[in-house]
Structures are given as C-alpha cells and as structure tokens.
Amino acid sequence: MRIFWTYFFLEWKKSIKILAKSILGLILLIILLILGVAAVSYGLLQSQTFNRVQVAVIIPEEEELVKQAAGFAAAMESVESVCQLHYLSEEQAWQKLREGSIDAIIQIPEHFYEDVYTGVNTPAALYLPLASSLNTKVFSELLGQAVSLLQNAEAGVYAVLEVARQQEAKLNKGELGDYMARKYALELLKRDRAFEKEILSATGQLPAEEYYFVTALLVTLLTGGLLFGFLYQPQNRAVEQKLSMYGLNKRKLAIVKILTMTMVIWMLSLTIYLSSCLILSLVNQHWLTLRPGALIGLGLVSFAISAYFHLLFSLGGRTIQSVVMILGANLLMILCCGLLLPTAYFPEWLEQAGRILPLTYWNDYVQSMIFRGSAAKQGMIVLAEALLTAGLGAFTYEKIH
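These notes cover the structure that comes with them.

This brings us to the overall build of the protein. For the protein, the helix and strand inventory stands at 16 helices and four strands. Within the protein, the fraction of its 401 residues that count as buried is 38%. Restricting the contact set of the protein to residue pairs at least 6 apart, pairs at least 24 apart contribute 75%. With an accessible surface of roughly 23,700 Å², the protein has 63% of that area assigned to carbon and sulfur atoms.

Spelled out as structure tokens, the structure:
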C-alpha cells in the first residue's frame with residue numbers, strides 16, 4: 001500500500017505543477033469553448049424564435065373610436081408579443097404586402113363602429129399571402145380565437161337585451177345596451193384574474209445568474225481535464241511495468257489516475273466556489289452563499305468527472321487522440337445538455353439527447369447542492385454513474401494499455 005500512496009502523491013504533485021504552468025492556456029481554451037458553443041446555441045435559438053408578425057391595419061379616417069380601440073389593443077402585452085400593428089392607408093398596405101415587409105392586412109370597413117353599436121354584424125377582413133409563414137398562420141389562428149371570444153360575449157349581451165324586451169325593465173333598450181357594454185368592458189379589463197399566474201423560466205427554478213454560475217464551474221472543470229493527458233503518455237508504460245513488479249497492476253494504476261484527477265479537480269472547484277462566494281459578498285451580492293455540504297459534494301462531482309476523463313483517455317490510447325476525443329465529447333455535452341443555452345430553446349430531439357448524457361446529472365446535482373442545499377437523490381444518481389464509469393474505465397485501461 002505504501003507504494004500505491006507514494007505513486008499517487010507523486011502523480012498528484014506533478015498534476016499541480018502542470019496545472020499551474022498551463023493556467024493561462026486553460027483560461028484561453030475555456031473562453032474559446034464558451035464562444036464556440038454560444039455561437040451554435042445562438043443559431044439554434046434563432047431558428048426556434050417566434051418572430052412577431054407585421055400586420056397592416058386599414059382604418060377609415062372617420063372611425064376615430066375604432067382607432068382608439070385599436071391603439072388600446074395594440075398596447076396589450078399579449079398582443080405585443082405576437083404582432084406589431086402598422087396603421088396604413090389601403091394603397092400603402094397592399095404595396096407593402098406585395099413587397100413582403102407586411103405579413104397580413106386587417107381592413108376595417110366604413111361605419112364599423114355604428115354597425116356594431118346598432119347590432120349589425122359587419123365583419124372586418126383579414127388578408128394573408130398564399131404562401132404564409134408559420135408565424136403568420138399562428139397569428140391567424142389566435143385572431144380567430146379572439147373573434148370567437150368576442151362573438152360569445154356579444155351573444156351574451158344580445159341575450160340580455162332579448163330578455164329585457166320580453167320582460168319589463170327599468171332601463172330602455174339603449175340605456176341597457178350601454179350598461180351591459182360598460183359591465184363587459186370592466187370585466188374585460190380584469191380578465192387576468194381569471195387565470196393563475198405562473199412564470200415558467202427556461203432556466204428552471206434558478207435565476208439566470210445562478211444557472212450560469214454552475215455553467216461556468218462545470219465548463220472550467222471539463223476543460224481542465226484536458227491537462228491530464230500526461231498521465232497516459234506512452235513513455236509512462238515503462239514505469240508502470242516496473243511498478244507492476246511491486247504489486248501495482250493495471251486496475252490499481254487506474255485507481256491512482258482517477259484519484260489524482262479527482263483531487264486536482266476538487267481543489268480547482270473549491271477554489272472557484274470559495275473565491276466566488278468571497279467576491280460576491282464583498283460587492284454585497286448574496287445569491288451565492290457558502291454551504292459546508294457543498295464542499296464535500298463538489299468532491300463527488302470531481303470523482304464523476306475524473307472517471308469520465310479516465311474512460312476517454314483509456315479509449316483514446318495516444319494522448320493527442322484522447323485530447324481530441326475529450327474536446328469533442330465536451331463540446332457535444334455542453335451543447336446538448338443546455339449549459340450555455342437552456343434546452344427549453346432547443347428542438348425536441350436535441351433536448352431528448354441531452355437527458356441521457358452524464359453532464360445533465362452533474363448539472364442537476366450541482367444546482368441542487370449549491371442553491372437548494374438538498375441533493376441526496378441527485379447525488380445517488382451521480383455516484384452510481386461515476387462508479388459505473390470508473391469500472392468501465394479500469395476495464396478499458398487494463399485491456400488497451
């Protein structure tokens with residue numbers, strides 16, 4: 001056992017020296033990694049973004065009340081999020097529709113307000129291009145649903161007026177119509193109370209600053225693993241063959257390498273976590289607090305990441321091949337697991353792929369451990385995954401090396 005721990009100490013000491021010498025290159029690599037994945041993530045986000053529909057509204061000059069109502073509707077948050085209204089003349093609207101700068105036209109007929117007031121159902125016209133985009137079709141459906149709601153409300157008002165006609169009412173038909181219109185308008189303004197407010201965030205239960213702190217931590221640890229290639233260089237085989245004469249077989253050597261990487265990655269994670277807590281407390285930011293349990297929990301994540309590195313280094317054989325393999329695997333996991341851009345913005349197939357990758361479990365565990373203080377369930381999953389990966393890595397190292 002003495003030889004085992006002596007060899008472990010020497011490898012750990014060598015790792016610390018290499019990490020210190022390579023710190024600037026590591027920082028540059030992390031920056032390039034973040035920029036590369038961010039560019040891909042931004043492209044995926046843009047492909048999934050719902051662009052607001054540009055709608056031309058044609059309102060006759062004499063319809064002042066209709067213009068006021070349209071302006072009120074356009075200021076609603078629910079309307080602003082879907083479309084942008086442009087008040088144009090009929091000639092301008094059709095010209096812009098042909099040019100493609102306008103996606104749809106809503107034309108209000110003359111005497112529209114008077115017809116509505118007197119009970120004549122004069123419809124407004126919606127014009128769409130033959131080759132409409134998906135966003136325009138969604139707008140058309142939403143507009144149809146809004147019209148349906150108005151028609152239901154209108155039917156309710158007419159029903160009340162019909163009952164009032166058949167029965168004696170204290171108000172005449174005109175006064176009763178005004179009264180019902182006011183009551184409906186007041187209820188319309190309170191429509192938000194009919195729904196429960198629940199804000200759904202793409203970053204889940206965490207605010208953006210907490211989400212991206214975990215992202216920065218894990219990206220740094222994943223990038224730092226590229227420095228451990230020296231543990232698997234071909235020239236080390238002579239030393240390992242010599243150690244095998246003293247009882248250190250391939251499996252024990254694999255354990256030494258995993259423990260060496262675990263200790264270095266754990267130290268790196270503690271440095272980032274503790275320094276971040278200190279800096280944020282000095283600038284009076286308290287969203288990141290020191291949790292003693294997190295200090296131990298980061299050791300478990302470090303072990304899981306080290307087992308992952310060992311498996312890929314063992315599969316890669318030569319150091320250069322291993323580094324390329326790990327860099328590609330890191331990029332794939334960071335992208336698919338939503339570290340830089342939450343998976344809620346991604347296509348469903350990419351989101352499904354990210355759920356089975358180990359980085360998803362590490363991310364969930366670190367988030368729960370640092371910001372919620374309870375991560376027993378996630379910790380058991382990470383531990384089981386780490387032990388399985390470590391076993392596969394030890395078996396692979398024994399067979400290949």
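On we go from here.
Let us look at the sheet that holds strand S1 (residues 53-58). An order of S2-S1-S3-S4 is seen for the four strands of this open sheet, with the pairing classed as mixed. Each edge of the open sheet carries a strand with a single partner, namely strand S2 (83-87) and strand S4 (125-127). In this sheet, adjacent strand axes meet at a mean angle of 25° when their direction is disregarded. Bridge count for S1 against S2 is five bridges, and the pairing is parallel. Within S2, the position partnered with Gln54 by the bridge is Gln84. Sheet strands touched by helix H5 (residues 90-99): S1, strand S3 (104-107) and S4. Its angle to S3, the strand with the most contacts, is close to 160°.

Glancing now at the packing of aromatic side chains. Across all of its chains, the model carries six aromatic pairs by this definition. Consider the rings of Phe213 and Trp287, whose centres lie 6.2 Å apart with planes at 70°: the pair is edge-to-face. You can see Phe213 sitting in helix H9 (residues 208-224) and its partner Trp287 sitting in the loop between helix H11 (250-282) and helix H12 (292-316), a full 74 residues away along the chain. Judged by its relative accessible area of 10%, Phe213 is buried. A residue is classified by how much of its surface remains accessible, and Trp287, at 22% relative accessible area, is partly exposed.

Taking 1.5 Å per residue as the helical rise, H12 with its 25 residues ought to reach 36 Å, and the 37 Å between its terminal C-alpha atoms agrees with that figure. Burial analysis of H12 places 20 of its 25 residues in the buried class, the great majority of the element.

Attention now moves to the packing of H12 against helix H15 (residues 358-372). Two elements in contact, H12 and H15, have axes whose closest approach is 10 Å; the angle formed by their N-to-C orientations is 170°. Put simply, H12 runs roughly antiparallel to H15. Of the residues in H15, those in contact with Gly293, Ala294, Gly297, Leu298, Leu300, Val301, Ala304, Ile305 and Tyr308 of H12 are Trp362, Tyr365, Val366, Met369 and Ile370.

A word on the side chain of Asn330. For Asn330, the position within the fold is in helix H13 (residues 319-336). A residue is classified by how much of its surface remains accessible, and Asn330, at 1% relative accessible area, is buried. Polar contacts involving the side chain of Asn330 include one to the side chain of Tyr308, which spans 2.8 Å. Among residues more than four places away in sequence, those in contact with Asn330 are Leu222, Thr223 and Tyr308.

Once that is clear, we can look at the nonpolar core. Residues Leu359, Trp362 and Ile370 are the most contacted members of the largest nonpolar core, which totals 59 residues. Per-element accounting of this core gives the leading share, twelve residues, to H12. Among all residues touching Ile370, those that are not within four sequence positions of it are Phe213, Leu217, Tyr273, Leu288, Arg291 and Ala294. Membership of the second largest hydrophobic core comes to 13 residues, among which are Val53, Val55, Val82 and Ala104.

Take the pairing of S3 next. Neither face of S3 is open: one carries Ala104 and Ile106, the other Ile105 and Gln107, and all of them are buried. Note: S1 against S3, four bridges, orientation parallel. Residue pairing for S3: Val55 is matched across the bridge by Ala104. Bridge count between S3 and S4: three bridges; the pairing is antiparallel. Each bridged residue has a counterpart across the sheet, and for Ile106 the counterpart in S4 is Leu126.

Here is what the cut-offs are and how they apply
- Residues numbered from 1 in each chain as written.
- Predicted model: local features only at pLDDT ≥ 70, side-chain atom pairs only at ≥ 80, totals over all residues.
- Heavy atoms only, no water.
- Helix = DSSP H or I, 4+ residues; strand = E, 2+ residues; numbered from the N terminus.
- Buried < 20%, exposed > 50% of the residue type's maximum accessible area, 1.4 Å probe, protein only.
- Contact = heavy atoms within 4.5 Å.
- Areas by Shrake-Rupley, 256 points an atom, 1.4 Å probe, with all protein chains shown as cover.
- Pairing = 2+ DSSP bridges.
- Axes fitted to C-alpha atoms, helices over the stretch in contact; angles between N-to-C directions.
- Phe/Tyr/Trp six-rings, centres within 6.5 Å; stacked < 30°, edge-to-face > 60°.
- Expected span 1.5 Å × (residues − 1).
- Parallel < 35°, antiparallel > 145°, perpendicular 65-115°, else oblique.
- Polar contact = N/O pair within 3.5 Å; in protein donor to acceptor, adjacent residues only side chain to side chain.
- Core = buried A, V, L, I, M, F, W, Y, C linked by side-chain atoms within 4.5 Å.

Scope: geometric values only; no functional claims are made or implied.
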